[in-house]
Structure formats: structure tokens, C-alpha cells
Amino acid sequence: MNIVELKAKIQEIQKTVVDSYVWKSIFRHGYKDIPRNRVLMTASNVFLHLHPSKMRRHGIKVSYTWCAGGLTFLFFLILTVTGVILMFYYRPVAEYAYVDMKYLQFDVPFGMMMRNMHRWAAHGMVILVMLHMFRVFLTGSYKPPREFNWVIGVLLLVITFLLSFTGYLLPWDQLAIWAVTVGTNMARATPLMGHEGPLAEQVRQLTGLITPRYDARSLLTAGTVVGAPTLMRFYVLHCIFIPIVASILMIVHFWRVRKDGGISGPL
Amino acid sequence: MAEKEEKMIPASSLNPDKIHTWPHLVRVEFIAGMLATLGLFLWSLLLDAPLEEPANPTKTPNPSKAPWYFLGLQEMLVYFDPWMAGVVLPSLIIVGLMLIPYIDINKKGAGYYTFRERKFAMSVFCFGFLILWIFLIFLGVFFRGPGWNFFMPWEEWNPHKVVALTNIDLNIFVAQTLGIDALRNPWVGCGFGLVLIGAYYSIIPAFYYLKGKTMPVIQELGLIRYNITAFLFVTMMALPIKMILRWTLNIKYVLVIPGILNI
Ligand code: HEM
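Residues numbered from 1 in each chain as written. Chains lettered and ligands numbered in written order. Predicted model: local features only at pLDDT ≥ 70, side-chain atom pairs only at ≥ 80, totals over all residues. Heavy atoms only, no water.

### A short note on the domain arrangement of chain A
A common way to report how large an interface is uses the accessible area buried once the components associate.
Residue and element names in this part refer to chain A.
So, point 1. For chain A, the domain assignment lists domain 1 (67–169 + 247–259) and domain 2 (172–225).
So, point 2. Between domain 1 and domain 2, a total of about 750 Å² is buried, with carbon and sulfur atoms accounting for 80% of that surface.
So, point 3. Considering only the surface of domain 1 that becomes buried against domain 2, Phe 165, Tyr 168 and Leu 169 emerge as the three largest contributors, covering 67% of it.
So, point 4. The tally of links from domain 1 across to domain 2 stands at zero salt bridges.
So, point 5. Run the count over domain 1 and domain 2 and you get one residue pair in polar contact (both at pLDDT 80 or more).
So, point 6. Those elements giving two or more residues to the side of domain 1 that touches domain 2 turn out to be helix 6 (94–106) and helix 8 (147–169).
So, point 7. Looking at the side of domain 1 that touches domain 2, its residues break down into six nonpolar, no polar and one charged. (Domains from an automatic or database assignment. Buried area = accessible area lost by both parts, 1.4 Å probe. Salt bridge = Lys/Arg side-chain N within 4 Å of Asp/Glu carboxyl O. Polar contact = N/O pair within 3.5 Å; in protein donor to acceptor, adjacent residues only side chain to side chain. Helix = DSSP H or I, 4+ residues; strand = E, 2+ residues; numbered from the N terminus. Nonpolar A, V, L, I, M, F, W, Y, C, P; charged D, E, K, R; others polar.)

Right, here's the structure in full:
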């Protein structure tokens, strides 16, 4: 078989595959580079149709968006995947949590790598979301009609911090409990609602509430100190509650980017 | 910046030339995503996530640092009591950020980089973000050691470093200067602090309001928006002001209401 025959043969096979009933049931349009296919490529793909099928030229410029929003989302996805893998090996119980981390690091194939990726992607996501906010401010992209999407964005910023912060406790090592102790200690100074906050004494005399066991801080730590109940509380918040809230907010955020006219740009 | 940007976008941009998302945007996203994932991979191969000794509630490390992104807040604890630094100011930061689109009514500078057309908004945000947020984080990560004392990054952390506690409250400072017995008359100092803070929050905004009466910007803002903007701005500036007061005059509190709160 010479080269020409080979090419013809390959083309023939290709045609048979692409014309087949099964192929056509999966792909609803051709791949040939014509405008119709380019549009369908985005419009008929559930993931890509997050995007409009056509957009303004400057919206794809990296120098404009820094890709920061998109990469924040990518890191969120990476965190979801690596996080689920970690969940297979981790028990949120004070007796086991730390041992499970050691087991994960030394005995689980690629366990260390999964943990590293989860940890560093979490830091990366915090950095990226801050960069994204900075770029949105610098380009004035919160101006009408995008005011509300900026508000959603601020909520996402807070949620990102909370995600990272609740995860910080889970290794149950010295770094974890003391960083979380420092963080949650602030809540005891909440005015009116923290047991050491301004006017808390007066509230306690009036209502009998606001004691070290029942105040703004113990709502977070599930007790008077960062202990086993805190670990369970943070675990549930970190793996279930906050990711769900984050996902809902991201859905709204992306929807609004589209509805507000796509990526902003000069008029 | 703005001029360059304008030149790059043709005059017909009112009806901008559109391009197909596939392949143009998807290609950029794909490359950016691959590079970022590669970066994360290398980072994870080269550097292991930290795992210290098992949690021990009886052994407090010194210093106990919050996660790095909260070190700006932890740094504020030096200058404000926890109820301010840990609760009130963070809440105001969040609310203030959310309010930005509603108080910045300057229509210019939407959708392109420009400093000239929105000097005030840009300066305030960049000051807040780069100095009060990023720089304080940087300070907390690299320059704070045991006892939350100041150390150079190359300096050894000496947990026994002694720093003279010479801080005094502003009322005592003033009383000393005037020769009044502040300790026996706490309400004099308290009244002084209240008046001072009241003045800070009213005189500065009022001064600029009157000064700017002729400026169309302030007219257009209206009283409510102007006051919100002024309140947030003045509150933000309270941090650097207290930092400077601390460094130069060793002032700890500006207002002391015994048994209730200190600012
Ligand atoms: C988990 C966090 C977040 C994710 C995943 C996310 C994702 C995105 C993405 C993918 C875009 C499209 C344009 C781009 O990539 O720059 C976008 C746009 C936008 N984001 Fe976010 N974002 C997040 C947080 C924030 C925050 C913290 C803010 C502001 C406080 C914000 C405000 C906006 C605004 C106003 C737009 C429209 C920008 C424009 O049209 O140029 N977002 N976001």
C-alpha cells in the first residue's frame, strides 16, 4: 500500500465512522470550519454554552480580563475533584483526623499529591479571586448594568475565604487549631452577641443569654474551645454547605455576566 | 493607557466586530487552563503541604497566626480592639465593597483601564487594596514574630524580645499635657474622645461638602450618596491614622468609655 492509498483508506474509514448512526446520535453537527459549525460548537454543547456563541473581540484579550475569573472557577473545579478524593480517606473525628492525614500522605498512592494539589489550589483560588476583583475594579466593570453582579462577586469573595478557612482546621494539627482559634476568637468580641463584646454584659443581664457557651463565637466553634465538635462543624460546612452556596452564587454570577451583556468593554 | 486603548478599538466599536467564541475564546481559555494546571502540578510536586504536630490545646504556639489572607485583619488588632478589628471593620469592608457600584456614579472608565478619568475612585480603591490589604498581609507573613512583635525576615525570632509598653490613651495624653488628673475624672477624657470622633466624622465630610458645593460631581452625588461615601472613606482612613498615632505618639485609645468600649 503506498501513501496515497493509505490516505484514501483513512478517509474512507473516517467517512464510515462520521456517517454512522451512533456517531450522528452523539455529534449533531460537522467539524468542518464553517461559521455555522463554529456557532453550533458553543451553542449545542452544554458546557461551552456557558459562553455566547459570538462575542466582542476585546473580551478574549488576556490583558483585559487576566483570565482571573475563569481561572478562579477552574481552581474551584480542581478543588472539588481533589477534595472528593481526600474525603474517601478522611474522618472528621478528633481521634482519627490527624492519623488519616498521615495515612493519606504515606500509604495512599498519590495521596500526598492529592493533598498538595488541594492545599495549594485553595491558596491559588484565594489569590485569583482577589486578582479578579482587582481587575474588575480597574476596568470599572461594576458600572451599570453590572452593579448587582459585583455584589454577587463580593459574596463569592467572602465565601471563598470561608471555604478556605473552614478547610484549614481539618488536618487537625497545631497549625490548624491555632489558626482557627485566632480566627474564631475575634467573634467573642462581637458587639451585643459575643460574650466579651461591647454591651454584651448588659444584654446578658437583660436576657440571660450571651455566655461563653452561647454566643457568636460558640456558634462557630460549637463549644467554648476549638475542639472535636468544632471539627465536625467545620467539616460539614467545608464539604457540603459552603460549596453548595458557592455553586449557587457562581451560577448566578455567570448567568448575570451573560445577561448584563457579556464581558464589559468600552462603548 | 486610555488613549492606547481607544486607538486599538476602532471607531465603529458602537457596533463592534464580533468574533466566534469557538475557536477564539475557547483556545485562550484552554491554554490558560493548561498553564495554570501545570503550574499547580509543579507547585504540588515541589512543595508539600504542611502538617505539623497533632493538635494540642495545651500548647499554644507563639506567634499564633491566622491563615495568611486574614493577617491584614490580625494586624488591625494591634491598633483596634477585637470588636472593631475583628467584627465591625470587616463587616464594613464587606458592606462598603458591595456599595461601590451604587456610590460611584462616574460613568466614565467603564470597560477600559484609565486612571485619569476616575482619579478619586482609583486612588481610594488602590490604597485600600494594595496598602491596607495586600501590604498588611505581607507585613503579617514576613515581619511579625512571637508576641506579634516586629522582626526582620532574616532576624532570629526571639520569644523573649522585650518591647517597652509605653502606650497611653489619648485622653491621658491630653490631660497630662494640660495638667488635669485624668484618672480621677474619666468622663472628661471620655467626653473628649466622643467629641473628637464626632468631629472627625462630621467636620471632614462637611468641609469637603462645602468646599465642593460648586463641583458638579458632589452636586450629582446627592446628600445620601455623599454621606455614605464620606463615612466609608473616613472610616477607612481611621486605620492609617491610628497606625501613625501609635508609631509617633504611642497613643493606644482615642476614646475610652470605661466598662463598655474603647476605640
Ligand atoms: C469564586 C469567585 C468568582 C468566580 C469563579 C468568578 C468568575 C467570573 C468569570 C468567569 C467572569 C467572566 C470574566 C472574567 O473572567 O474576568 C466574571 C466576571 C465578573 N466578576 Fe467574577 N468571579 C468571582 C468573584 C468575583 C468577585 C469577588 C467580584 C467582585 C467583587 C466579581 C465581579 C465580577 C464582575 C463585575 C464581572 C463582570 C466583569 C466584566 O463584564 O468585565 N467576581 N467572574
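Having seen the structure, we can now continue with the description.
### What to know about the environment of Val195(B)
So, point 1. As for its placement among the helices and strands, Val195(B) is situated in helix 7 (residues 186–211).
So, point 2. Separated by 73 residues in sequence, Val195(B) and Met122(B) place their C-alpha atoms 32 Å apart.

### As for a nonpolar patch on the surface
So, point 1. A contiguous nonpolar surface patch, about 1200 Å² in accessible area, is contributed by Phe30(B), Ile31(B), Met34(B), Leu35(B), Leu38(B), Phe41(B), Leu42(B), Trp43(B), Leu45(B), Leu46(B) and Leu47(B).
So, point 2. Its place among the elements puts Met34(B) in helix 2 (residues 21–46). (Patch = residues over 30% accessible without salt bridge, like charges linked within 9 Å, V, L, I, M, F, W, Y side chains within 5 Å. Areas by Shrake-Rupley, 256 points an atom, 1.4 Å probe, with all protein chains shown as cover.)

### Overview of the coordination of the iron atom of the ligand
Residues and elements named next belong to chain A.
So, point 1. Around the iron atom of the ligand, the protein supplies His 132 (NE2) and His 253 (NE2) as donor atoms, at distances of 2.0 to 2.1 Å.
So, point 2. For the iron atom of the ligand, the six donor atoms in the first shell make angles of 85 to 179° at the metal, so the coordination geometry reads as octahedral. Within this pair, whereas His 132 is found in helix 7 (residues 111–138), its partner His 253 is found in helix 12 (residues 228–259), the two being separated by 121 residues in sequence. Take His 132 and His 253: they sit in the same class, and that class is buried. (Donors = N, O, S within 2.8 Å, 3.2 Å for Na, K, Ca; no water. Tetrahedral: all angles 85-135°; square planar, octahedral: opposite > 155°, others 65-115°. Buried < 20%, exposed > 50% of the residue type's maximum accessible area, 1.4 Å probe, protein only.)

### Some thoughts on the environment of Ile85(A)
Residue and element names in this part refer to chain A.
So, point 1. By the element assignment, Ile 85 lies in helix 5 (residues 68–87).
So, point 2. Here Ile 85 falls in the partly exposed class, since its relative accessible area comes to 29%.
So, point 3. Separated by 33 residues in sequence, Ile 85 and His 118 have C-alpha atoms that sit 9.7 Å apart.

### Some thoughts on the site of the ligand
Residues and elements named next belong to chain A.
So, point 1. If you check the shell around the ligand, you find 26 residues, and the closest are His 132, Arg 135, Gly 153, His 253 and Ser 264.
So, point 2. Note that an oxygen atom of the ligand is positioned 3.1 Å from one of the side-chain N or O atoms of Arg 146.
So, point 3. Its residues assigned to classes, the shell around the ligand shows 13 nonpolar, 11 polar and two charged. (Near = heavy atom within 4 Å.)

### Some words on the packing of helix 5 of chain A against helix 12 of chain A
Residues and elements named next belong to chain A.
So, point 1. Relative orientation of the contacting elements helix 5 and helix 12 amounts to 155°, with a least axis distance of 12 Å. The pairing of helix 5 with helix 12 is recorded here as roughly antiparallel in orientation. Two packed elements cross with a definite hand, and for helix 5 against helix 12 that hand is left-handed. Facing helix 5, whose interface residues are Phe 73, Phe 76 and Met 87, helix 12 presents Tyr 235, Cys 239, Pro 243, Ala 246, Ser 247, Met 250 and Phe 254.
So, point 2. Of the residues in the contact of helix 5 with helix 12, the class split is nine nonpolar, one polar and no charged. (Axes fitted to C-alpha atoms, helices over the stretch in contact; angles between N-to-C directions. Parallel < 35°, antiparallel > 145°, perpendicular 65-115°, else oblique. Left-handed = near helix turned anticlockwise from the far one by under 90°. Contact = heavy atoms within 4.5 Å.)

### A short note on the nonpolar core
So, point 1. Among the nonpolar cores identified, the biggest contains 78 residues, and Trp150(A), Leu169(A), Phe80(B) and Phe125(B) are the most heavily contacted of them.
So, point 2. Top contributing element to this core by residue count: helix 5 (residues 119–143) of chain B, with 10 residues.
So, point 3. Built from parts of two domains, this core gets at least three residues from each of domain 1 (67–169 + 247–259) and domain 2 (172–225) of chain A.
So, point 4. Apart from the residues within four sequence positions on either side, Trp150(A) is in contact with Met133(A), Val136(A), Phe137(A), Tyr142(A), Leu97(B), Met98(B), Ile100(B), Pro101(B) and Phe125(B).
So, point 5. Counting residues in each nonpolar core, the second largest holds 24 residues, with Ile78(A), Met113(A), Met250(A) and Ala32(B) among its members. (Core = buried A, V, L, I, M, F, W, Y, C linked by side-chain atoms within 4.5 Å.)

### Some thoughts on the side chain of Glu75(B)
Residue and element names in this part refer to chain B.
So, point 1. Along the polypeptide, Glu 75 turns up in helix 3 (residues 71–76).
So, point 2. On the accessibility criterion, Glu 75 (0% relative accessible area) is buried.
So, point 3. Polar side-chain contacts of Glu 75 include one of 3.3 Å to the side chain of Trp 148.
So, point 4. Not counting chain neighbours up to four residues away, the residues in contact with Glu 75 comprise Leu 136, Leu 139, Arg 144 and Trp 148.

### So, unusual backbone geometry
So, point 1. Cis geometry is adopted by the peptide bond preceding Pro23(B), which originates at Trp22(B) and carries an omega value of 10°.
So, point 2. With respect to the helices and strands, the residue Pro23(B) is situated in helix 2.
So, point 3. One non-glycine residue with positive phi stands out, namely Cys67(A), at about 60°.
So, point 4. Checked against the element boundaries, Cys67(A) lands in the loop between helix 4 (62–65) and helix 5.
So, point 5. Although it is not a glycine, Ala222(A) adopts a positive phi angle of roughly 55°.
So, point 6. Residue placement: Ala222(A) occurs in the loop between helix 11 (216–221) and helix 12.
So, point 7. Here Ala222(A) falls in the buried class, since its relative accessible area comes to 15%.

### Examining the interface of chain B and chain A
So, point 1. Contact with chain B, which involves 82 residues of that partner, is made by 82 residues of chain A.
So, point 2. Taken together, both faces of the contact between chain B and chain A bury some 7600 Å²; the carbon and sulfur share is 74%.
So, point 3. For the pair chain B and chain A, the interface holds one salt bridge.
So, point 4. The residue Asp104(B) makes a salt bridge to Lys143(A) at a minimum N-O spacing of 3.5 Å.

### Considerations on the side chain of Thr72(A)
All names here are of chain A.
So, point 1. With respect to the helices and strands, the residue Thr 72 is situated in helix 5.
So, point 2. Reaching out from Thr 72, the side chain makes a polar contact with the backbone oxygen of Ala 68 at a distance of 2.6 Å.
So, point 3. Not counting the four nearest positions on each side in its chain, Thr 72 is found in contact with Met 125, Leu 128, Val 129 and His 132.

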